[in-house]
Amino acid sequence: MEIVLRAAVTFIALWLITRSVGRSTLGELSSFELLLFITMGDLVQQGITQEDHSVAGGIMAVGTMALLTVLLGWANARWPKLSRLVHGAPVVILHDGRPDTKALRAERMGLNDLMSAARGQGFRNFSDIDLAVLEPNGRISFFAKDRAASDGSPEEPEPG
């Protein structure tokens, strides 16, 4: 039973750590961060199972983590407000071609990181972007400006 309690406490601690690290870092891990998380996994295992090297102890630890993950997923589906707490909410980081430096600072994301992500989606500069949203999973959604509205030409009517 002690292994189950240790696994539950560790699960909560890992959730808090990953939430505090920030979404932008979790979207794409650097080599160092990947190694850090792998090492952290080994350290966590030692803390959960202590001197218990049995198969049953390992199964109980992994089973507890899996069960808590399933329960958290179920709770997120049942109570949408909980999902915002657990996973976070999308954050607008650029609007009408202008980066929101306050939001970027709060998410610990630099302008270079935002521009790099924009280039990865085919944007040459911020003025081509109407909206950029940092999603809870760390990815950035970009929405292009409507060309007809931005260059002053009238919109073409839809065929109908």
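Here the structure is shown first, and the text comes after it.
A. Inspection of the overall build of the protein at higher detail. In terms of regular secondary structure, the protein is built from 8 helices and 4 strands. Along the protein, helices (α) and strands (β) appear in the sequence α-α-α-α-α-β-β-α-α-β-β-α when read from the amino end. When the 160 residues of the protein are sorted by exposure, 25% land in the buried category. Surface accessibility of the protein: about 11,100 Å² in total, with carbon and sulfur atoms responsible for 61%.

B. Representation of the packing of aromatic side chains within the structure. Taken as a whole and assessed by the stated rule, the structure comprises 2 aromatic pairs. On the numbers, 5.5 Å between centres and 85° between planes, the contact of Trp-74 with Trp-79 is edge-to-face. A relative accessible area of 49% places Trp-74 in the partly exposed class. In this structure Trp-79 comes out as partly exposed when scored by relative accessible area, which is 43%. Ring geometry for Phe-123 versus Phe-142: centroids 5.8 Å apart, planes at 45°, classification tilted. Pair noted here: Phe-123 is in the loop between α7 (111–120) and β3 (129–134) and Phe-142 is in strand β4 (residues 140–144), with a separation of 19 residues, a long-range link. Considered together, Phe-123 and Phe-142 belong to a single accessibility category, that of buried residues.

C. Local environment of the nonpolar core. In this structure, Ile-93, Leu-114, Ile-129, Ala-132, Ile-140 and Phe-142 are the most contacted members of the largest nonpolar core, which totals 16 residues. Ranked by size, the runner-up nonpolar core spans 7 residues in total, among them Ala-7, Ile-48, Ala-61 and Met-65.

D. Region of the structure containing the packing of helix α4 (residues 55–78) against helix α5 (residues 80–87). Contact geometry of α4 with α5 gives a least axis separation of 5 Å together with a crossing angle of 130°. As judged from the angle between their axes, α4 and α5 are oblique. For the pair α4 and α5, contact is made by Leu-72, Ala-75, Asn-76 and Arg-78 and by Pro-80, Leu-82, Ser-83, Val-86 and His-87, respectively. A breakdown of the residues in the contact of α4 with α5 according to their chemical character gives 5 nonpolar, 3 polar and 1 charged.

E. The arrangement of unusual backbone geometry in detail. Notably, Asp-96 is not glycine yet its phi reads approximately 55°, a positive angle. By the secondary structure assignment, Asp-96 is in the loop between β1 (91–95) and β2 (98–99). The exposure class assigned to Asp-96 is partly exposed, which follows from its relative accessible area of 33%. Positioned with a positive phi, Arg-108 is a non-glycine residue whose angle comes to about 55°. Along the chain, the position of Arg-108 falls in the loop between α6 (101–106) and α7.

Thresholds, definitions, all that
- Residues numbered from 1 in each chain as written.
- Predicted model: local features only at pLDDT ≥ 70, side-chain atom pairs only at ≥ 80, totals over all residues.
- Heavy atoms only, no water.
- Helix = DSSP H or I, 4+ residues; strand = E, 2+ residues; numbered from the N terminus.
- Buried < 20%, exposed > 50% of the residue type's maximum accessible area, 1.4 Å probe, protein only.
- Areas by Shrake-Rupley, 256 points an atom, 1.4 Å probe, with all protein chains shown as cover.
- Phe/Tyr/Trp six-rings, centres within 6.5 Å; stacked < 30°, edge-to-face > 60°.
- Core = buried A, V, L, I, M, F, W, Y, C linked by side-chain atoms within 4.5 Å.
- Axes fitted to C-alpha atoms, helices over the stretch in contact; angles between N-to-C directions.
- Parallel < 35°, antiparallel > 145°, perpendicular 65-115°, else oblique.
- Contact = heavy atoms within 4.5 Å.
- Nonpolar A, V, L, I, M, F, W, Y, C, P; charged D, E, K, R; others polar.

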